[in-house]
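# Commentary on secondary and tertiary structure
Below are the chains, spelled out letter by letter.
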Amino acid sequence: MCVRSQVAEMHGELMEFSDHLHRQLQYKEHHLRRLREELVDLRGPLAEPQTSDDDLSITSDYDTSSMSVSARALINIWIPSAFLRGKSSDAHHVYQVYVRIRDEEWNIYRRYAQFYELHSSVKKVHVAVNSFDFPPKKALGNKDTKFVEERRRRLQHYLRCLVNLILQNTPELTASPCKETLTKKLPFFG
């Protein structure tokens, strides 16, 4: 009888320990996923070969962790930084936009006004752009660090969604993605 009691107690302890390990593993996986998302947001898609080709995206605004390298986004876009230019009343932020199409990569530098101009012109042609999250103009407080960082992230997301829409509607860009074709369709990237 005593042995059965000890076995039952040990079994209970093992079940508790197993449950504890499972919770720890879930927490660490969640934390790792969050860190990966932050890294992709800051640096762009990670180049890791994977085996699944489900739910493929053609721009870099989607989770690329389940894509094989050959099926990775056709066009990768991210905005790694924003910096202040000009003096006093003429001070403004310039956003660095990094673009990569396969082995071709380049940087462009744009003010918010140029993003706004792009948005205004594209939404006349593609009504779907009206549903994209485009950060509004802000006259006061637009030099605040938190505001600039949030605007940077939203502009990055906007550009990725916009390029995805353009790719879906431009077969020649999808078939043969390159800087020349992209800049013909969207001179903003030239």
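Before any of the text, the structure's been laid out above.
Structure report, in brief. (Residues numbered from 1 in each chain as written. Predicted model: local features only at pLDDT ≥ 70, side-chain atom pairs only at ≥ 80, totals over all residues. Heavy atoms only, no water.)

### Structural notes on the nonpolar core
Note the cut-off: As used here, the term nonpolar core means buried Ala, Val, Leu, Ile, Met, Phe, Trp, Tyr and Cys residues forming a set that is joined through side-chain atoms within 4.5 Å. Whether a residue is buried, partly exposed or exposed follows from its accessible area with a 1.4 Å probe, protein chains only, as a fraction of its type maximum: under 20%, in between, or over 50%, in that order. Under the scheme used here, helices are H or I runs from DSSP no shorter than 4 residues and strands are E runs no shorter than 2 residues, and both carry numbers assigned from the N terminus. For this analysis, residues touch if any pair of their heavy atoms sits within 4.5 Å.
By size, the foremost hydrophobic cluster in this structure holds 33 residues, and its most contacted members are I75, L159 and F189. Only β1 (75-85), β2 (92-101), β3 (104-111), α2 (112-125) and α3 (145-168) provide two or more residues apiece to this core. No other element matches the eleven residues that α3 contributes to this core. Here L159 is in contact with I77, I79, V97, F115, L118, F188 and F189, once residues within four sequence places are set aside.

### Here's the deal with the pairing of β2
The line we're drawing: Two strands qualify as a pair provided DSSP detects at least 2 bridges between them.
The element β2 is extensively covered by neighbouring structure, given that ten of its ten residues are classed as buried. The alternating pattern of β2 places H92, V94, Q96, Y98 and R100 on one face and H93, Y95, V97, V99 and I101 on the opposite face, and all of these are buried. With nine bridges connecting them, β1 and β2 associate as antiparallel partners. When the bridges of β2 are listed, I75 appears paired with I101. Inspection of the sheet shows β2 paired to β3 by eight bridges, in the antiparallel sense.

### Focus on α2
Applied cut-off: What a helix should span is 1.5 Å times the count of its residues minus one. Within this analysis, the arc is defined by the directions that extend from the helix axis to the C-beta atoms.
An ideal rise of 1.5 Å per residue puts 20 Å on 14 residues; α2 measures up with 21 Å between its terminal C-alpha atoms. All of the buried residues along α2 are Y112, F115, L118, H119 and V122. For α2, the buried positions fall inside an angular range of 115 degrees around the axis, keeping them on one side. Among the exposed residues of α2, those pointing more than 90 degrees away from its buried face are E117 and K124. Against the buried residues of α2 lie β1, β2, β3 and α3.

Worth remembering: the numbers are spatial, not functional.
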